[in-house]
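Chain residues, written in single-letter form:
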Amino acid sequence: MSLLDYFRQSKPEATAKQAKERLQIIVAHERNQRNGPDYLPDLQRDILEVIKKYVAVEQDDVKVSLDNRSEELSVLELNITLPDNR
Amino acid sequence: MSKVVVVTSGKGGVGKTTSSAAIGTGLALSGFKTVIIDFDIGLRNLDLIMGCERRVVYDFVNVIKGESNLNQSLIKDKRVDNLYVLPASQTRDKDALTKEGVQTVLNNLRDMEFDFIICDSPAGIETGAIMALYFADEAIITTNPEVSSVRDSDRILGMLSSKSQRAEQGLEPVREHLLLTRYDPSRVNRGDMLSVEDVEEILAIPLLGVIPESQAVLKASNSGEPVILDDESDAGKAYRDAVDRLLGKEVDFRFLTEEKKGLFSRLFGA
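Residues numbered from 1 in each chain as written. Chains lettered and ligands numbered in written order. Predicted model: local features only at pLDDT ≥ 70, side-chain atom pairs only at ≥ 80, totals over all residues. Heavy atoms only, no water.

## Focus: the overall build of chain A
Then, in step 1: Scanning chain A for helices and strands turns up three helices and two strands.
Then, in step 2: Taking all 86 residues of chain A together, 17% fall into the buried category.
Then, in step 3: Restricting to contacts in chain A with at least 6 residues of sequence separation, those with at least 24 account for 27%.
Then, in step 4: Of the roughly 7,200 Å² of accessible surface on chain A, a fraction of 51% belongs to carbon and sulfur atoms. (Helix = DSSP H or I, 4+ residues; strand = E, 2+ residues; numbered from the N terminus. Buried < 20%, exposed > 50% of the residue type's maximum accessible area, 1.4 Å probe, protein only. Contact = heavy atoms within 4.5 Å. Areas by Shrake-Rupley, 256 points an atom, 1.4 Å probe, with all protein chains shown as cover.)

Structure, rendered in structure tokens:
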């Protein structure tokens, strides 16, 4: 730090904090996908295509997840956010 | 019993080869018979970092293909006893490494009573990287305190828990270690860089070492001397600590705080 910097101490917000928050979100998201079966991304894409025929939805509006509750029970969860002007 | 340790990261340029060279050399210095294998087929570089590039005659792929035997391909280090390098091939053939081939070489190295087999992984998540981690007992996840490196490290942790032999055979999982490299405490203090604690919290694996950003690393690779041989340097000392921890010793972490600057450097910049 030079002399000039010493007087110019208007601290911008810490970007490391942003980095940490962004990482926590994306890593959690990717870990979730990782545990799912390989066909899940394809299934999500196909479902999206079907819904798109009827409603204007984007990629992010359709969420598919598979939850293995126990040996016998797996729950396929489909979450679609519909646009406001239905 | 030989221990197979993969040095991996996902992202390139974070210090896998530098760390493989340093840690392998450190283990040999501690009296363990050690071999470092370069898995980066087509982009051989461990030989340069170890300073043995002019002594490469036969390589890893030659051994797998039966074109040479292991003894002809292993390069014995001239500085440190018990230290050997198995160089990567420069072939462009992507399928040069096979699980069977790698397995055979590892078994032969076990028969030669190596204590540690260090696998220097290529970047990415392609065949080479999978081959390097497949047979691992332990993994050193080399990570920079930076978003893309941390994310890729997490990907590799996923690979270790699904694609490794231990995972496939349902054995005890690969033991994972975090090695944080290019750490700059002054930038952490300024809030510009993820801290050790941040990265530990996100990746949630035990910390093996923190290597400070250091002039010594480039100098070491320039001269082909593993940086751990530079006793005076902060990076060299940090790698020694990491090796001791790998061997099960409890060592306090150093170089995590900013060095105090004198008045002179405060006024005129470092």
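## Side note on the packing of helix α7 (residues 147–162) of chain B against helix α10 (residues 196–203) of chain B
Residues and elements named next belong to chain B.
Then, in step 1: Put simply, α7 and α10 touch, their axes get as near as 10 Å, and they point 35° apart. The two elements α7 and α10 meet at a crossing, and its hand is right-handed. Contacts between α7 and α10 pair Val150, Ser153, Asp154 and Leu157 from the former with Val199, Ile202 and Leu203 from the latter.
Then, in step 2: Grouping the constituent residues of the contact of α7 with α10 by class yields five nonpolar, one polar and one charged. (Axes fitted to C-alpha atoms, helices over the stretch in contact; angles between N-to-C directions. Left-handed = near helix turned anticlockwise from the far one by under 90°. Nonpolar A, V, L, I, M, F, W, Y, C, P; charged D, E, K, R; others polar.)

## Quick look at the layout of surface pockets
Then, in step 1: Taken as a whole, the second largest pocket holds about 890 Å³ of empty space.
Then, in step 2: In terms of lining, the second largest pocket is formed by 26 residues, of which the most central are A:Glu30, A:Asn32, A:Gln33, A:Arg34 and A:Pro41.
Then, in step 3: Residue assignment for the lining of the second largest pocket shows that the elements contributing at least two residues are α2 (15–34), α3 (40–54) and β1 (62–68) of chain A together with α7 of chain B.
Then, in step 4: At six residues, the largest contribution of residues to the lining of the second largest pocket is made by β1(A).
Then, in step 5: Of the residues contributing to the lining of the second largest pocket, the split by class is seven nonpolar, 11 polar and eight charged. (1 Å grid on protein atoms, 1.4 Å probe; cavity = no way out; pocket = protein on both sides within 12 Å on 5 of 7 lines; lining within 4 Å. Points joined across faces, edges and corners; volume = space filled by probe spheres on them.)

## Here we look at the nonpolar core
Within soluble globular proteins, side chains that are nonpolar generally end up buried alongside one another.
Residues and elements named next belong to chain B.
Then, in step 1: Among the nonpolar cores identified, the biggest contains 50 residues, and Val35, Ile37, Phe39, Leu86, Leu109 and Ile117 are the most heavily contacted of them.
Then, in step 2: Beyond its immediate stretch of four places on either side in the chain, isoleucine 117 contacts Ser2, Lys3, Val4, Val5, Val35, Ile37, Leu106, Leu109 and Arg110.
Then, in step 3: Of all hydrophobic cores here, the second largest spans 33 residues; its members include Ala21, Ala22, Ala235 and Ala238. (Core = buried A, V, L, I, M, F, W, Y, C linked by side-chain atoms within 4.5 Å.)

## Quick look at helix α5 (residues 99–111) of chain B
Residue and element names in this part refer to chain B.
Then, in step 1: Between its first and last C-alpha, α5 extends 18 Å over 13 residues, near the 18 Å set by a 1.5 Å rise per residue.
Then, in step 2: Looking at α5, one finds that the buried residues are Gly101, Val102, Val105, Leu106 and Leu109. With its buried residues spanning 130° around the axis, α5 presents them on a single face. Counted as exposed and oriented over 90 degrees from the buried face of α5: Glu100 and Asp111.
Then, in step 3: As for α5, its buried residues are in contact with β2 (34–38), α3 (60–64), α4 (70–73), β4 (83–86), β5 (116–120) and α6 (127–134).
Then, in step 4: Once α5 ends, the next one or two residues include glutamate 113, with phi positive near 60°. (Expected span 1.5 Å × (residues − 1). Arc of directions from axis to C-beta.)

## Brief notes about the state of the cysteines
Residue and element names in this part refer to chain B.
Then, in step 1: Applying the stated rule across the entire model yields zero disulfides over all chains.
Then, in step 2: Between cysteine 52, a free cysteine, and cysteine 119, which holds the nearest cysteine sulfur, the sulfur-to-sulfur gap is 16 Å.
Then, in step 3: On the basis of relative accessibility, which here comes to 5%, the residue cysteine 52 falls in the buried class.
Then, in step 4: The exposure class of cysteine 119 is buried, given its relative accessible area of 1%. (Disulfide = S-S within 2.5 Å.)

## Things to note about the packing of α2(A) against α7(B)
Then, in step 1: Contact geometry for α2(A) and α7(B): axes closest at 10 Å, N-to-C directions at 25°. With respect to each other, α2(A) and α7(B) are oriented roughly parallel. Crossing hand, α2(A) versus α7(B): right-handed. Contacts between α2(A) and α7(B) pair A:Ala19, A:Leu23, A:Ile26, A:Val27, A:Glu30, A:Arg31 and A:Arg34 from the former with B:Val147, B:Val150, B:Arg151, B:Asp154, B:Arg155 and B:Gly158 from the latter.
Then, in step 2: In terms of residue class, the contact of α2(A) with α7(B) is built from six nonpolar, one polar and six charged. (Parallel < 35°, antiparallel > 145°, perpendicular 65-115°, else oblique.)

## Description of the side chain of B:Asp77
All names here are of chain B.
Then, in step 1: Turning to its location among the elements, aspartate 77 is positioned in the loop between β3 (75–76) and β4.
Then, in step 2: Engagement of the side chain of aspartate 77 in a polar contact is seen with the backbone nitrogen of valine 80, the distance being 2.9 Å.
Then, in step 3: Other than its neighbours up to four places away in sequence, aspartate 77 contacts Met50 and Leu83. (Polar contact = N/O pair within 3.5 Å; in protein donor to acceptor, adjacent residues only side chain to side chain.)

## Re the environment of B:Ile202
Then, in step 1: Here B:Ile202 shows up in helix α10.
Then, in step 2: A relative accessible area of 4% means that B:Ile202 is categorised as buried.
Then, in step 3: The spacing of B:Ile202 and B:Arg151 is 51 residues in sequence and 9.1 Å in space, taken between C-alpha atoms.
Then, in step 4: For B:Ile202, the residues in contact, after removing those within four places along its chain, are A:Lys20, A:Leu23, A:Gln24, A:Val27, A:Arg31 and B:Val150.

## Some remarks on a nonpolar patch on the surface
All names here are of chain A.
Then, in step 1: Together, Leu78, Ile80 and Leu82 line one region of the surface with nonpolar side chains, adding up to about 230 Å² of accessible area.
Then, in step 2: The topology assignment puts leucine 78 in strand β2 (residues 74–80).
Then, in step 3: Leucine 78 sits in the partly exposed class, given a relative accessible area of 45%. (Patch = residues over 30% accessible without salt bridge, like charges linked within 9 Å, V, L, I, M, F, W, Y side chains within 5 Å. Salt bridge = Lys/Arg side-chain N within 4 Å of Asp/Glu carboxyl O.)

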